[in-house]
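A closer look at the structure
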Amino acid sequence: MDPAITIESLKKDLAEVKAALEQKKLEDVSAEAQQQSNLLKNIRLAIAITGSSGAGKSSFVNALRGMKDRAEGAAKTGVKETTMVPQEYSYPTFPNFKIWDLPGIGTVKFSAKEYLTKVNFSNYDFFIIVSSGRFTEDDTNLALEIQKNKKKFYYVRSKVDVDIDNDRRSKGIDLEDTHEVMQSEKETLDTVRKDSYDNLKALGVSSPRVFLISRWDLSKYDFPLLQETFEKEQDELKRDVLIMCLPILTKDSIKKKKAAMESLIWKKAIASCAVGLIPLPLLSFGFDISIVVSTMRDIGKVFGLDDYSLNILANRVGKPVEELKSVIEHTPSTDKITAEFVMDILKSSAMWGTITVVEMVLDFIPLLGSLYGGGSSFATTFYLLKNFLENAVKDAEKVQAKAAEPKRHK
Ligand SMILES: Nc1nc2c(ncn2[C@@H]2O[C@H](COP(=O)(O)OP(=O)(O)OP(=O)(O)O)[C@@H](O)[C@H]2O)c(=O)[nH]1
Ligand SMILES: [Mg+2]
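Residues numbered from 1 in each chain as written. Chains lettered and ligands numbered in written order. Predicted model: local features only at pLDDT ≥ 70, side-chain atom pairs only at ≥ 80, totals over all residues. Heavy atoms only, no water.

Moving on, we get to the packing of helix H8 (residues 160–170) against helix H9 (residues 178–202). How two helices sit against one another is set out by the angle between their axes and by the gap between those axes. Packing of H8 against H9 brings their axes to within 9 Å, and their N-to-C directions diverge by 125 degrees. Classified by the angle between their axes, H8 and H9 sit oblique to one another. Considering the relative orientation of H8 and H9, their crossing is right-handed. Of the residues in H9, those touching H8 at Val-160, Asp-163, Ile-164, Asp-167 and Arg-168 are Val-181, Ser-184, Glu-185, Thr-188, Leu-189 and Val-192. Looking at the contact of H8 with H9 residue by residue, the classes come out as five nonpolar, two polar and four charged. (Axes fitted to C-alpha atoms, helices over the stretch in contact; angles between N-to-C directions. Helix = DSSP H or I, 4+ residues; strand = E, 2+ residues; numbered from the N terminus. Parallel < 35°, antiparallel > 145°, perpendicular 65-115°, else oblique. Left-handed = near helix turned anticlockwise from the far one by under 90°. Contact = heavy atoms within 4.5 Å. Nonpolar A, V, L, I, M, F, W, Y, C, P; charged D, E, K, R; others polar.)

This is the structure we're talking about:
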């Protein structure tokens, strides 16, 4: 396999790592890196979706998981809520990331305080309060109570696609008339935005913030902004987990995932030095191959290149999974990412030459030499993962492009 990254870009990366290392004591960096390098395993993240009956909660849960409503394991939609118990939906690829479909507060006839106790509010990192029309006093009381409990919440106005469609029809605008359609859409969104704002203001909310979404297309309307907002309002580690675990739903997803994985990779590389020397055949030095293997697997999952994620995406866009897989050039499925796979990469001469250069570059980071395992271990781990990441990003972009292509007609 040819290396996906150039020596120049690598030097730049390492200069950044060096700068970061110079700001802190090595022991601190090393301890922090070890703790944070396992964040997908150690950090739990749970989002709660609540709102009145029929607001579109379960549909939104499915949309957040990149799923169709009828996919296996999807939340049931369009049915009257029969259970009063919070339903948990997790990602098989990331078991610590959960989305909870809560019974609507109006449905259970509790006060906001009782409701939050019943649904175990401390389990959730933040709440999304969904309404498909006007927000109610139940919604705002709940928000107030959530705030009292020092948690974040976001008002989401769902089904804006319905409002847009209704308005367009009532104005008699033809779908072919692109300019008019866009103009009308903008007017509808402005109106819904203002109505929701006034509605919440009237209920006593001082500076309401409402995000307009449609379950049918999360790349549109306010979902990208909502995602950005809740990511921004999490602490750093939870934010990274959120970015890594949410499927690719918006244009920016891949870029954000890449940045999050880049910051993880150098922590992994530092952690790999601390683990110590594990001698390997062919190498004059040791490095922790299991860290490399597990991180490569994580990278595959983060970019939706594992079998489970590819199947979900294929089902969503109505294409055979093989069609999506056909454009993946570099990233193997999870079970094929093994120690042998990593050793095969190392054996390739192009890679070998580059690693030697990396070690030379590392001479400029004398600090690393003092770590157990030293620069070689860091260099190998960093380089292998960085290269794998660059390739996974390319594969993910191709899969997304393939998924977005209009379906071929037979
Ligand atoms: N057009 C459109 N329909 C939506 C949207 N979100 C939900 N729906 C539809 O609204 C209906 C109710 O959605 P659900 O997701 O079941 O609502 P819920 O809040 O879970 O309802 P309960 O569980 O009964 O409280 C379903 O028929 C959905 O398909 C949306 O964004 N756009
Ligand atoms: Mg529901």
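Evaluated as defined, the whole model comprises 11 aromatic pairs. Ring geometry for Trp-100 against Tyr-124: centres 5.8 Å apart, planes inclined by 70 degrees, an arrangement best described as edge-to-face. Residue Trp-100 is found in strand S3 (residues 94–101), and its partner Tyr-124 is found in the loop between helix H6 (112–118) and strand S4 (126–131); the two are separated by 24 residues along the sequence. Tyr-124 carries the same exposure label as Trp-100, and that label is buried. Ring pairs connect the aromatic residues Phe-126, Tyr-154, Phe-211 and Phe-230, which therefore count as one cluster. A cation over an aromatic ring shows up here: Arg-215 above the ring of Trp-216, its NZ or CZ 4.3 Å from the ring centre. (Phe/Tyr/Trp six-rings, centres within 6.5 Å; stacked < 30°, edge-to-face > 60°. Buried < 20%, exposed > 50% of the residue type's maximum accessible area, 1.4 Å probe, protein only. Lys NZ or Arg CZ within 6 Å of the ring centre and 35° of its normal.)

Taken as a whole and judged by the stated rule, the model has four cavities of 30 Å³ or more. What the largest cavity holds in volume is close to 270 Å³. Every residue lining the largest cavity is counted, 22 residues in all, and those nearest its centre are Arg-65, Pro-247, Ile-248, Gly-304 and Ser-309. At the level of elements, strand S2 (87–91), helix H13 (289–302) and helix H14 (307–317) are the ones that each hand at least two residues to the lining of the largest cavity. In terms of residue count, the dominant contributor to the lining of the largest cavity is H14 (five residues). In terms of residue class, the lining of the largest cavity is built from 13 nonpolar, six polar and three charged. (1 Å grid on protein atoms, 1.4 Å probe; cavity = no way out; pocket = protein on both sides within 12 Å on 5 of 7 lines; lining within 4 Å. Points joined across faces, edges and corners; volume = space filled by probe spheres on them.)

Bringing the pattern of salt bridges into the picture now. Scanning all chains against the criterion turns up 22 salt bridges. When the shortest N-O distance is used, the salt bridge between Glu-233 and Arg-209 registers 3.1 Å. Taken as a pair, Glu-233 in the loop between helix H10 (223–232) and helix H11 (236–245) and Arg-209 in the loop between H9 and strand S6 (210–212) lie far apart in primary sequence, 24 residues in all. Taking the relative accessible area as the measure of exposure, Glu-233 reaches 29% and is therefore partly exposed. (Salt bridge = Lys/Arg side-chain N within 4 Å of Asp/Glu carboxyl O.)

It is worth spelling out the layout of surface pockets at this point. Each pocket or cavity is described by its volume, and for the largest pocket that value is around 690 Å³. If you trace the largest pocket, you find 27 residues lining it, with Asp-217, Ile-248, Leu-249, Arg-316 and Gln-400 closest to the centre. Mapped onto the lining of the largest pocket, the elements with two or more residues apiece are helix H4 (57–64), helix H12 (253–275), H14 and helix H19 (374–404). Considering each element in turn, the lining of the largest pocket owes the most residues, six residues, to H19. Across the lining of the largest pocket, the residue classes tally to 13 nonpolar, five polar and nine charged. Each of domain 1 (7–36 + 252–402) and domain 2 (44–241) contributes no fewer than three residues to the lining of the largest pocket. (Domains from an automatic or database assignment.)

Among the six residues that make up strand S5 (residues 152–157), five are buried, leaving the element largely enclosed by the rest of the structure. Direction of pairing for S4 relative to S5: parallel, over a ladder of six bridges. Bridge pairing in S5 links Phe-126 to Lys-152. Regarding the hand of the β-α-β motif, the stretch spanning S4, helix H7 (residues 137–148) and S5 is right-handed. The pairing of S5 with S6 spans three bridges and is classified as parallel. Along S6, the bridge assignment pairs Val-156 with Phe-211. (Pairing = 2+ DSSP bridges. Right-handed = clockwise from strand over helix to strand, strands pointing away.)

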